[in-house]
Amino acid sequence: MTTRRRFLHSTLLAGSALVLPNGAGAAPTSSRMRVVSTWDFGVGANQAAWPVLTRGGGALDAVEAGARWAEGTLCNSTVGRCGYPDRDGTLTLDASIMDGDGRCGAVAALEDIAHPVSVARAVMEKTPHVLLVGDGAQQFAVEQGFEKEALLTPEAKQAWREWSKAAKYQPQINAERAKRPGNRDNHDTLGILALDADGRLAGACTTSGMAWKLHGRVGDSPIVGAGLYVDNEVGAATASGVGEEMIRNAASFLVVELMRQGRSPMEACREAIERVVRKRPEASKTLQVCFLAMNKAGEVGAFALHHGFVYAVCDAGKQDALLEARSVYA
Ligand code: ASP
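Predicted, not measured: the structure shown is a model, and the values here were computed from it.

Caption draft 1: Just the packing of helix H3 (residues 116-126) against helix H4 (residues 134-143), in detail. Where H3 contacts H4, the axes come no closer than 10 Å and their chain directions differ by 85°. Judged by the inter-axis angle, H3 sits roughly perpendicular to H4. Residues Val-119, Ala-122 and Val-123 of H3 form the contact with H4, whose participating residues are Ala-137, Phe-140 and Ala-141. Among the residues making up the contact of H3 with H4, the classes are represented as six nonpolar, no polar and no charged.

Caption draft 2: Focus on the confidence of the model for the protein. Counting all residues, the mean pLDDT for the protein is 89, and 88% of those residues have values of 70 or more. Every residue in residues 1-15 is under pLDDT 50, and counting partners more than four places away or in other chains gives 28 contacts. With pLDDT under 50 throughout, residues 19-28 is counted as low confidence; its partners more than four residues away or in other chains account for 19 contacts.

Caption draft 3: Looking closely at the packing of aromatic side chains. Within the structure shown, the criterion is met by five aromatic pairs. When the ring of Trp-163 is compared with that of Trp-212, the centres are 5.2 Å apart and the planes differ by 15°; the resulting orientation is stacked. Remark: Trp-212 occurs in the loop between strand E7 (201-207) and strand E8 (228-231) and Trp-163 occurs in helix H5 (residues 154-166); sequence separation between them is 49 residues. Across this residue pair, the class does not change: Trp-163 and Trp-212 are buried. Taken together, the ring pairs connect Trp-39, Phe-309 and Tyr-311 into an aromatic cluster.

Caption draft 4: Expanded view of the pattern of salt bridges. In the structure shown here, the tally under the stated rule is 18 salt bridges. Asp-99 is the salt-bridge partner of Arg-103, the closest N and O atoms lying 2.9 Å from each other. Judged by its relative accessible area of 39%, Arg-103 falls in the partly exposed class. Salt bridges linked by common partners bring Asp-61, Glu-64, Arg-121 and Glu-125 together as one network.

Calculation notes
Residues numbered from 1 in each chain as written. Predicted model: local features only at pLDDT ≥ 70, side-chain atom pairs only at ≥ 80, totals over all residues. Heavy atoms only, no water. Axes fitted to C-alpha atoms, helices over the stretch in contact; angles between N-to-C directions. Helix = DSSP H or I, 4+ residues; strand = E, 2+ residues; numbered from the N terminus. Parallel < 35°, antiparallel > 145°, perpendicular 65-115°, else oblique. Contact = heavy atoms within 4.5 Å. Nonpolar A, V, L, I, M, F, W, Y, C, P; charged D, E, K, R; others polar. pLDDT = per-residue confidence, 0-100. Phe/Tyr/Trp six-rings, centres within 6.5 Å; stacked < 30°, edge-to-face > 60°. Buried < 20%, exposed > 50% of the residue type's maximum accessible area, 1.4 Å probe, protein only. Salt bridge = Lys/Arg side-chain N within 4 Å of Asp/Glu carboxyl O.

Written out as structure tokens, the structure reads:
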């Protein structure tokens, strides 16, 4: 698994605004291709997405490849097959995918299917709908040829047993993980955005959501406009953190709309975070919310409520960059 060894404390990129060497406004070229993802595990997702772009593939295929890597290969407590379950011990997965023309698909509370992002893509491409949930999502997945398999790992089951003793639902801010040796994060999402050689954008999100959530709880990741939004006219945004805050603020849509009004990706992310704080000043002190955005020129920005949000950037120059976002609270 990717570790924080690769972490770059970059003063050059302080403010989390990454500007393309070939500048905004130029015609798309392969040197403009870029993939960005949330968290340290985003490095692996980017590296799975990048060859799709270099082989001439589109942004949509790239983000699906990156999300599939996280769902299948990464084994943490918050994404895909090794995710932690809900209050009742059931692992449910949420995912979405979107291209820059407004085509999108999503699944929520999906059980026993290893690649929810690909089911989300099938919803987008093979149904007149956008979002399928629970049993209906699983039924559709099986009809599409996805295999049912038990995903809950023994480690996740054991963690749930331990949690059940006190059974206290308490989202943790990931930067505090270091203070909890042996502990795993109890929520995070792989959000991935790509810009292809034709200048087209796409994005995807995949997560097991908040560990120990109520059965049936759906977060922001499969809600288009909350956990993910993409518009080829402007840019793309994705989110991680306590999803209820993103849903309250239609947050990824907000970030894209702020970029439409002329904000840089970092300014747009910061303004969206400030909106979260204004709405719920007390709650915002104890929970994490993070945004990551890329505009159509390939400029990248991020911002978080709390210290500790890192994001991965991959382009022709460097495939394993990991940067830290600025935050409201240190
Ligand atoms: N946004 C996810 C959810 O609320 C969790 C996370 O990304 O931390 O389900």
